[in-house]
Structures are given as C-alpha cells and as structure tokens.
Amino acid sequence: MQLNDVVTMFGADLQRRYGEKIHKISLHGGFNCPNRDGSLGRGGCTFCNVASFSDEQQQQFSIQQQIAQKVKKIHRAQRYLAYFQAYTNTYAEVSILKALYQQALNQANIVGLCVGTRPDCVSQPVLDLLVEYQQQGYEIWLELGLQTSHDKTLKKINRGHDFASYQKIAQIAGKKGLNVCVHLIVGLPGETASENLQTISRVIDTGVDGIKLHPLHIVDGSIMAKAWRAGRLLSLELTEYVEMAGEMIRHTPKNIIYHRICANARRPTLLAPDWCANRWLGMNALYQYLCQYGGQGSAI
C-alpha cells in the first residue's frame, strides 16, 4: 500500500489525468500583502515570514527567467504548473496580473497556473481572468489562504479577514467553475482537535476542490517567534500533528484532492518544531496513521 492508496494526492491525480508527471514550480511575482503594506494592517499574520518557504531573491528575475532557472534543476518532469506563491498574488490591477500570468503561460511546457492569495483580495475581474484561462484549456487553481474557520483564531493571528470572507469568494469561484484549494494550518495557538474538525466540515460544506494542510511552524522574523522565545508558545509535536491532520483527512470525502498533507520550512529561518525541517517525517508518519486507522473518507 502506498500514500496514494490512503489519501487522494494532487501529484497522483495530475499524473492520472495528464498521463505524465506534472511538477509545480514556485514563482515570485514581486507582490506585496495588504496586511503588511498598511492598507489593511502592518506586520502581517503572526505566523508569517515568507523567507521560510520562498526565495526572496527570485523577484529580481522575470517570470520567464524564474521558470527557466527552475526547469534546469528538475529532471522528474517535462511539463509544469506555474505556482505564484509568495505574498498575495492577486493584489494588483488585473492588467498587471494578466501580464505576469501570461509570461508563465507563454512557456510551452506550462500547463496551467496555481495562484496563492487571500480571500479578501480576489476581485470579480481577477476571477473572470482565471476563468478565461481555464476555458482556454489551462489547469487553473485558486489557492485561498484561510488557515482556520474560527474567527477568534483569525483575529488572534492577525489574519485581517473572517471566515465569511472566505465563504463568499469560495462560493463565487465555485459557481464559475474554478478549482479552489484552501490552505489550513494545524496547531494554531489555542485550537483543539475538535475545532480542526469543525474547520474541515465548514470548508467542505462551503464547497472546495483541494486542501493543503500545514503544521504550524515557528519561523524567525515572525511575531510568533517572539512568543516562542519567551516561552509563551509551545511548538507542535509530531504525534499531535499526525493525529489531528490524520483525523481531518479521514473526515474528508475522497473526491477532494489533498495538494499537501505536511510541509517543511527552511533553516536557519525555522526555529521549531525540529521535525518540520524535513516534511517526509510528517508525510511518513501520516501514512502510517492512515494505514492503521483508515484512509481519506473512512470517518464520514
């Protein structure tokens, strides 16, 4: 039995549909975030430091150049999804977005776009642009950072929006036929396993096509790092993450695709937990949990 036998993973789904491996290339479009530049807030979300997962030096190169650089290092695939990842990748005039997205789609080996953003930064013209690309035959995913469905936690982590904001845009995007992937963080301060299951239930009820699960990382440069250093915030144990994420997966219908079930952060930016330096530790432990207690959808 393999991981794909117990959870519907994005990579396997792409390979089934395209008949070959499709690799996701992370790009930096040079965007900012309204929760950092003062239009909504300053300092950003308390858990965030983009340098923990994205190379800030990338933005000095064009999208075309970034793709060319990444492709040279990849030997496992011949076609790719362009993933606009860092910051808020719909936070600009639609004409600017179109120019950047088009740079990626103009490359012959790019089959589509994954666009990471906030639910309060997706306008009607942006949705229409993404629908237009999808109608042209491209694989399009709107990736919405939610993290949790609980407004008290969203306020605590300085997210700057509520769950209703997510519900509104997810439902509009779904009605337009766009693929929606939601990002959720497991292990947020004060949240229980029961609340994690409530989040999964609410997201599914809203309508979603894909899910990304992330363990809470404590990264240098974030607001949470100060609380962790002061001993006011405990880091997430691997066993805790596996049990909570495993149950979230078991309560998810099989038709929903998991784009990620664990994640790592780069050192030296990563402060805690240590096991998050290697995402395979979490992946393998989750696989063992799901084999023992039942795979995706088994608890519904």
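Placed above this text is the structure.
### With respect to unusual backbone geometry
Inference 1: Looking along the chain, the bond that leaves Arg267 and enters Pro268 is cis, with omega of 5°.
Inference 2: Mapped onto the fold, Pro268 is located in the loop between strand S8 (257–260) and strand S9 (270–272).
Inference 3: Between Ala272 and the following residue, Pro273, the backbone shows a cis peptide bond with an omega angle of -10°.
Inference 4: Looking at the element boundaries, Pro273 is found in the loop between S9 and helix H11 (279–293).
Inference 5: A positive phi is found at Gln147, a non-glycine position, where the angle reads about 80°.
Inference 6: Position of Gln147 relative to the elements: it lies in strand S4 (residues 139–147).
Inference 7: Residue class for Gln147 comes out buried when judged on its relative accessible area of 9%.
Inference 8: Backbone geometry places Asn158, a non-glycine residue, at a positive phi of 60°.

### A word on the packing of aromatic side chains
Inference 1: In total, this model carries 6 aromatic pairs according to the counting rule given.
Inference 2: Ring geometry for Phe84 versus Tyr101: centroids 5.2 Å apart, planes at 65°, classification edge-to-face. Here Phe84 is found in strand S2 (residues 79–84), whereas its partner Tyr101 is found in helix H4 (residues 94–105), with 17 residues between them in sequence. In this pair, the class of Phe84 matches that of Tyr101, namely buried.
Inference 3: Taking the centre distance of 5.9 Å and the plane angle of 15° together, the rings of Phe163 and Tyr166 count as stacked. On the criterion of helical spacing, the pair formed by Phe163 and Tyr166 is a turn pair, its members being 3 residues apart in helix H7 (residues 163–175).
Inference 4: Its relative accessible area of 0% is what places Tyr166 among the buried residues.
Inference 5: One Lys or Arg, Lys24, reaches over the ring of Tyr83 and ends 4.1 Å from the middle of that ring.
Inference 6: Arg279 extends its terminal NZ or CZ atom over the ring of Trp280, reaching a point 4.9 Å from the ring centre.

So, how was this worked out
Residues numbered from 1 in each chain as written. Predicted model: local features only at pLDDT ≥ 70, side-chain atom pairs only at ≥ 80, totals over all residues. Heavy atoms only, no water. Helix = DSSP H or I, 4+ residues; strand = E, 2+ residues; numbered from the N terminus. Buried < 20%, exposed > 50% of the residue type's maximum accessible area, 1.4 Å probe, protein only. Phe/Tyr/Trp six-rings, centres within 6.5 Å; stacked < 30°, edge-to-face > 60°. Lys NZ or Arg CZ within 6 Å of the ring centre and 35° of its normal.

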